[in-house]
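Close look at the chain arrangement
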2 protein chains.
Amino acid sequence: MARTQGSSSDITGPRIRRVAERLFAQAGYAAVSMRQIAAEVGVQAGALYNYTPDKQSLLFSLMERHLHEVLEGWDTLKSTGTPQEQLAAFVRFHIGFHLERPDAVFIAYMELRNLTPENFARVEGLRRRYETIPERILQAGIDAGEFAVPDPRVATLAVIAMLNGVNTWYRPGGRLTLEQVEDLYLDMVRKSLSAG
Amino acid sequence: MARTQGSSSDITGPRIRRVAERLFAQAGYAAVSMRQIAAEVGVQAGALYNYTPDKQSLLFSLMERHLHEVLEGWDTLKSTGTPQEQLAAFVRFHIGFHLERPDAVFIAYMELRNLTPENFARVEGLRRRYETIPERILQAGIDAGEFAVPDPRVATLAVIAMLNGVNTWYRPGGRLTLEQVEDLYLDMVRKSLSAG
DNA sequence: GTCTATATCATGATAGAC
DNA sequence: GTCTATCATGATATAGAC
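None of the values given here were measured: they were computed from a predicted structure.

Attention now moves to the overall build of chain A. Within chain A, the regular secondary structure consists of 10 helices and 0 strands. Ordered by position from the N terminus, the helices and strands of chain A form the series α-α-α-α-α-α-α-α-α-α. By its C-alpha atoms, chain A is 70 × 40 × 30 Å across when sized along the principal axes. In chain A, which comprises 196 residues, the proportion classed as buried is 47%. Sequence separation of at least 24 residues holds for 70% of the intrachain contacts in chain A that already meet a minimum separation of 6. About 9900 Å² of surface is accessible on chain A, with carbon and sulfur atoms providing 52% of the total. In chain A, the 22 positive side-chain charges and the 23 negative ones have mean positions that sit 6 Å from each other.

In structure tokens form, the structure reads like this:
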């Protein structure tokens, strides 16, 4: 029962991930030391290396898991219906999902520079897979005559950029509820894709 | 005439700024050492301190100058006309100006975390001053009945986020010219603000 | 699985010669 | 204004005891 040293625990691994995610988002990967992470977890620096081979792998695994969760999150929705309905579902999903994970989102596109080339390529691949979701919805809407954009690829990137912007300013408990924010952005996205 | 040591120069200061801007954008402020900057400039690390009191001041001055240049760039345009015309001028200005300075733009919102609280407050103030430009245009358009958005503040942030997204993908010499990109984004911005 | 201790190296910044 | 040399500190990662 009694531990001979420290406060060992079965959940040290997840705790390391949570602490690292928060610290990387707050100060940046390069500015956070393994000692800092260890201190906030409540272990010594050396103990971290039972859970990750090195700092780089820790960063990569955080980003990879986040992107997998986003892709799985959309898959679970299995949205169907008209392009307009799917667009609404995507906008609400994207905003809601990203606002729930501000740190992971922040890291996923702020720390791309700090990945090794191989890790960068894998993360980039996952990101592109996610972008195909709105791109296909847009194309379906164009084919159905519901949307009118001269360049679907650019329109997709513009929509994603607009939606990502929410994370820079929205804070729970502020002037607007999540649903109101979703409504506002869906309104703008719909109009931006309309025949005008 | 002859220098006794190294290759001293009247333009070492500007060179330091250019090198630092490029390196900070590529690898991040925390990941770039003063020795790296010095090496690329062609001087020893100690020499940098003739031009900046410390690394933090170097970062801050890069961001501050960039934001001043953006504000002056718009002031110089002295755009007038209907809200629709001013909106078009702003969209084109913002995209063009930001695509000309990708490194400075990247730093200006990626390295906010690495500013001291006082420096952060000053940079944040300049950024907010810039945001008032599109916000006033939007409000004028609403008052004139040309635009219809339920929340002007959110709409402003959404438009800026969309425009900022251009910097993540546009590369000169690609599929689209700068003017075509401006046209595409202006089309989407206009429609997103319309009565729909 | 965590600890202590340490190897090895890089960092920001400064001092003083020239 | 730049150099060389250095201080003091902190970094990642590893080794071996328990």
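Structure shown, so let's carry the discussion forward.
Rolled over the atoms, a probe with the dimensions of a water molecule shows which regions are left empty. Summed over all chains, the structure comprises 2 cavities of 30 Å³ or more. Along its surface, the largest cavity is lined by 15 residues, and Gly28, Ala30 and Arg113 of chain A together with Ala30 and Arg113 of chain B are the ones closest to its centre. Looking at the lining of the largest cavity, its residues break down into 7 nonpolar, 4 polar and 4 charged. Taken as a whole, the second largest cavity holds about 40 Å³ of empty space. In this structure, the second largest cavity is lined by Leu184, Asp187 and Met188 of chain A together with Val149, Pro150, Asp151, Val154 and Ala155 of chain B. Of all the elements in the fold, those that place two or more residues in the lining of the second largest cavity are helix 10 (178-193) of chain A together with helix 8 (152-164) of chain B. Per element, the largest residue contribution to the lining of the second largest cavity is 3 residues, and it comes from helix 10 of chain A.

A word on the interface of chain A and chain B. Facing 38 residues of chain A, the contacting portion of chain B comprises 38 residues. Summing both partners gives a buried area of about 2800 Å² for chain A against chain B, and 67% of it is carried by carbon and sulfur. When residues of chain A are sorted by the area they lose upon contact with chain B, Arg113, Met188 and Lys191 of chain A head the list and together hold 25% of the total. Our count for the contact surface shared by chain A and chain B stands at 4 salt bridges. Residue Asp151 of chain B pairs with Arg175 of chain A through a salt bridge whose shortest N-O separation is 2.8 Å. On inspection of chain A and its partner chain B, the count reaches 12 residue pairs in polar contact (both at pLDDT 80 or more). For the side of chain A that touches chain B, the secondary-structure elements that each account for two or more residues are helix 1 (12-27), helix 6 (102-110), helix 8 (152-164) and helix 10 of chain A. With 8 residues, the top contributor of residues to the side of chain A that touches chain B is helix 8 of chain A. Its residues assigned to classes, the side of chain A that touches chain B comprises 24 nonpolar, 7 polar and 7 charged.

Glancing now at the UniProt feature "domain: HTH tetR-type" (unreviewed entry) in chain A. The feature "domain: HTH tetR-type" (unreviewed entry), as annotated in UniProt, sits at residues 10-70 of chain A in this numbering. A distance of 26 Å separates the end C-alpha atoms of residues 10-70 of chain A, which is 72% helix and 0% strand.

Turning next to the relation of the copies chain A and chain B. By a simple turn and slide, chain A fits onto chain B: the slide is 0.0 Å along the axis, the RMSD is 0.0 Å, and the turn is 180°. Taken together, the rotation angle and the small translation identify this as a two-fold axis.

The next subject is the protein's contact with DNA strand D. Taken together, 18 residues lie near DNA strand D, and Met34 and Arg35 of chain A together with Gln44, Asn50 and Tyr51 of chain B sit nearest. A share of 65% of the atoms of DNA strand D within 4 Å of the protein falls on sugar and phosphate groups. A distance of 2.9 Å separates a phosphate oxygen of DNA strand D from a polar backbone atom of Met34 of chain A. Separating a phosphate oxygen of DNA strand D from a backbone N or O atom of Lys55 of chain A is a distance of 3.1 Å.

This part covers the protein's contact with DNA strand C. Around DNA strand C sit 17 residues, and of these Thr12, Gln44, Asn50 and Tyr51 of chain A together with Met34 of chain B come closest. If you look at DNA strand C and keep only atoms within 4 Å of the protein, 63% of those are sugar or phosphate atoms. Gln44 of chain A is positioned with one of its backbone polar atoms (N or O) 2.5 Å from a phosphate oxygen of DNA strand C. Within the side chain of Ser33 of chain B, one N or O atom sits 3.2 Å away from a phosphate oxygen of DNA strand C.

Below, the discussion takes up the packing of helix 8 of chain B against helix 10 (residues 178-193) of chain B. All names here are of chain B. At a closest axis distance of 11 Å, the pairing of helix 8 and helix 10 adopts a crossing angle of 165°. Taken together, the axes of helix 8 and helix 10 are roughly antiparallel relative to one another. For the pair helix 8 and helix 10, the crossing hand works out as right-handed. Residues Ala155, Val159, Met162 and Leu163 of helix 8 form the contact with helix 10, whose participating residues are Tyr185, Met188, Val189 and Leu193. Per-class residue counts for the contact of helix 8 with helix 10 are 8 nonpolar, no polar and no charged.

A separate point is unusual backbone geometry. Outside of glycine, negative phi angles account for most residues, and trans bonds account for most peptide bonds. One non-glycine residue with positive phi stands out, namely Lys78 of chain A, at about 45°. Looking at the element boundaries, Lys78 of chain A is found in the loop between helix 4 (55-77) and helix 5 (83-100).

This paragraph deals with the side chain of Thr52 of chain B. Residue and element names in this part refer to chain B. With respect to the helices and strands, the residue Thr52 is situated in the loop between helix 3 (45-48) and helix 4 (55-77). Judged by relative accessible area, which is 7%, Thr52 ranks as buried. At 2.8 Å, the side chain of Thr52 and the backbone oxygen of Asp54 are in polar contact.

What counts as what
Here the residue numbers are simple positions, counted from 1 along each chain's written sequence. For naming, the first written chain is A and the first written ligand is 1, with later ones following in the order written. For this predicted model, a pLDDT threshold of at least 70 governs which residues receive local features, and a threshold of 80 or more governs which side-chain atom pairs are given and counted, while totals over whole chains, interfaces and linings are taken from all residues. With hydrogens and water excluded, all non-hydrogen atoms of the structure serve as input to the side-chain values. Strands here are runs of E lasting at least two residues and helices are runs of H or I lasting at least four, both read from the DSSP assignment and numbered beginning at the N terminus. Each residue is placed in one exposure class: buried if its accessible area under a 1.4 Å probe, protein chains only, is under 20% of its type's maximum, exposed if it is over 50%, and partly exposed if it falls in between. Should any heavy atoms of two residues lie within 4.5 Å, those residues are counted as being in contact. Only the protein chains shown count as cover for residues, with accessible areas throughout obtained via the Shrake-Rupley method and a probe of 1.4 Å. A residue counts as positive if it is Lys or Arg and as negative if it is Asp or Glu; His and the chain ends are not included. Think of each charge as sitting on NZ of Lys, CZ of Arg, CG of Asp or CD of Glu. Cavity and pocket criteria rest on a 1 Å grid covering protein atoms alone: a 1.4 Å probe that fits but cannot get out defines a cavity, protein on both sides within 12 Å along at least 5 of 7 lines defines an open pocket, and an atom within 4 Å of a point defines a lining residue. Grid points are joined across faces, edges and corners, and a volume is the space filled by probe spheres set on the points. When residue character is reported, Ala, Val, Leu, Ile, Met, Phe, Trp, Tyr, Cys and Pro are called nonpolar, Asp, Glu, Lys and Arg charged, and the others, Gly included, polar. Buried area counts how much accessible surface, traced with a 1.4 Å probe, disappears from two parts once they are put together, with both parts' losses summed. By definition here, a salt bridge exists when the distance from a side-chain nitrogen of Lys or Arg to a carboxyl oxygen of Asp or Glu is within 4 Å. Nitrogen and oxygen atoms within 3.5 Å of one another constitute a polar contact, given that in protein one can donate a hydrogen and the other can accept it, and given that sequence-neighbouring residues count only through two side-chain atoms. UniProt positions are given in the numbering used here, feature names are shortened, and annotations may be inferred rather than shown by experiment. We superpose the copies by least squares over the C-alpha atoms of residues that have a pLDDT of at least 70 in both of them. The near set for a molecule or strand comprises every residue that places at least one heavy atom within 4 Å of it. Axis definition: a line fit to C-alpha positions, over the contact stretch in the case of helices; interaxial angles, taken between N-to-C directions, run 0 to 180 degrees. Throughout this description, any angle smaller than 35 degrees is read as roughly parallel, any larger than 145 degrees as roughly antiparallel, any in the 65 to 115 degree range as roughly perpendicular, and the remainder as oblique. Rotating anticlockwise by less than a right angle from the far helix to the near helix defines a left-handed crossing, while the corresponding clockwise rotation defines a right-handed one.

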